Amino acid sequence: MDLDVISQGPQFIAHAVKELDALGVPMITPGGGLGAHIDAKAVVSHIPSDQYPAGSLVAALYLCGGIRGMERGTLSEERNPDGSEHIASVEMVRLAFPRRVFTLSQTEFVIDRVKWLYDHRHLVGGLRFVHEPKTLRFFTGKLRNLFKLLHHEFVLGVELRLQLLDFLFLLDKVLLL
């Protein structure tokens, strides 16, 4: 077993948390052994809890950078027996760093995209269920964004497409090396 390789995961997580925190992105510190956690409630404080701030941030991260995160918040909760929403006390996004899978350049890409999204967080809107199963709603449900049909939605779409094109170009360039 190569201890240098095994220890890279926690080092990359610590690096990501330290850098994002220094850039002003609200992070839950210290970083964990398997992932970095973004304080979604602080990042998208304009989104009410019943519009799933952490889920909204996860969707936006995927759109702007192809980054898959895991929502931990109200969306993951089951509804109360009376059908009302059970509001979670924490809204966070977990960015997992599986061992021996990520490189430093990929970690830097994640830092860049999270910072970009943080700087443009006002463009992130809440979510609403259009199909909500009784169980595992966060896994099999369908959600719609609640962006208002204003200039911001158009700008968001254009900016996200450009960011995605940049990502695909970079990925294509890396794969050709």
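Definitions and cut-offs
Residues numbered from 1 in each chain as written. Predicted model: local features only at pLDDT ≥ 70, side-chain atom pairs only at ≥ 80, totals over all residues. Heavy atoms only, no water. Helix = DSSP H or I, 4+ residues; strand = E, 2+ residues; numbered from the N terminus. Buried < 20%, exposed > 50% of the residue type's maximum accessible area, 1.4 Å probe, protein only. Contact = heavy atoms within 4.5 Å. Areas by Shrake-Rupley, 256 points an atom, 1.4 Å probe, with all protein chains shown as cover. 1 Å grid on protein atoms, 1.4 Å probe; cavity = no way out; pocket = protein on both sides within 12 Å on 5 of 7 lines; lining within 4 Å. Points joined across faces, edges and corners; volume = space filled by probe spheres on them. Nonpolar A, V, L, I, M, F, W, Y, C, P; charged D, E, K, R; others polar. Core = buried A, V, L, I, M, F, W, Y, C linked by side-chain atoms within 4.5 Å. Pairing = 2+ DSSP bridges. Polar contact = N/O pair within 3.5 Å; in protein donor to acceptor, adjacent residues only side chain to side chain.

Draft legend 1. Geometry of the overall build of the chain. Per the secondary structure count, the chain includes seven helices and six strands. Overall, the chain shows an N-to-C arrangement of helices and strands of α-α-β-β-α-α-β-β-α-β-α-β-α. Looking at the 177 residues of the chain, the share that counts as buried comes to 36%. Long-range pairs, those at least 24 residues apart, make up 58% of the contacts in the chain between residues at least 6 apart in sequence. With the model as given, the accessible surface of the chain reaches about 10700 Å², and the carbon-plus-sulfur share is 60%.

Draft legend 2. Focus on the layout of surface pockets. Volume-wise, the second largest pocket comes out at about 360 Å³. Around the second largest pocket, the lining comprises 15 residues; the ones closest to its centre are Val58, Glu71, Leu75, Phe138 and Leu143. When contributions to the lining of the second largest pocket are tallied by element, the ones reaching two or more residues are helix H4 (53-65), strand S3 (70-72), helix H6 (137-140) and strand S6 (142-145). Residue classes in the lining of the second largest pocket are distributed as eight nonpolar, four polar and three charged.

Draft legend 3. Spotlight on the nonpolar core. Among the nonpolar cores identified, the biggest contains 30 residues, and Ile38, Leu57, Leu61, Val93, Leu95, Val114 and Leu117 are the most heavily contacted of them. Elements with a minimum of two residues in this core: helix H2 (8-22), strand S2 (35-39), helix H3 (40-43), H4, strand S4 (92-96) and helix H5 (104-119). Those residues in contact with leucine 57, other than ones at most four positions away along the chain, are Ile38, Ala40, Val43, Val44, Val93 and Leu117.

Draft legend 4. Up close: empty space enclosed by the protein. Scanning the model with the defined rule gives two cavities of 30 Å³ or more in all. Each pocket or cavity is described by its volume, and for the largest cavity that value is around 50 Å³. For the largest cavity, the full set of lining residues is Val25, Ile38, Val43, Leu57, Leu61, Val114, Leu117 and Tyr118. Counting residues per element, the ones that place at least two in the lining of the largest cavity are H4 and H5. No other element matches the three residues that H5 contributes to the lining of the largest cavity. Split by residue class, the lining of the largest cavity holds eight nonpolar, no polar and no charged.

Draft legend 5. Structural context of the pairing of S4. Alignment of S2 against S4, held across five bridges, turns out to be antiparallel. Across the sheet, isoleucine 38 pairs through a bridge with valine 93, a residue of S4. Pairing geometry for S3 and S4, over three bridges, is antiparallel. Following the sheet pairing, methionine 70 is matched in S4 by arginine 94.

Draft legend 6. Up close: the side chain of arginine 113. Tracing the chain through its elements places arginine 113 in helix H5. With a relative accessible area of 7%, arginine 113 lands in the buried category. A distance of 2.7 Å separates a polar atom in the side chain of arginine 113 from a polar atom in the side chain of aspartate 112.

Draft legend 7. Spatial organisation of unusual backbone geometry. Along the chain, threonine 29 connects to proline 30 via a cis peptide bond; the corresponding omega equals -5°. Structurally, proline 30 is set in the loop between strand S1 (27-28) and S2. Even without glycine at this site, tyrosine 52 takes up a positive phi of about 55°. With respect to the helices and strands, the residue tyrosine 52 is situated in the loop between H3 and H4. Positive phi, normally seen in glycine, also occurs at leucine 136, with a value near 50°. Turning to its location among the elements, leucine 136 is positioned in the loop between strand S5 (127-131) and H6. Using a relative accessible area of 44% as the deciding quantity, one classes leucine 136 as partly exposed.

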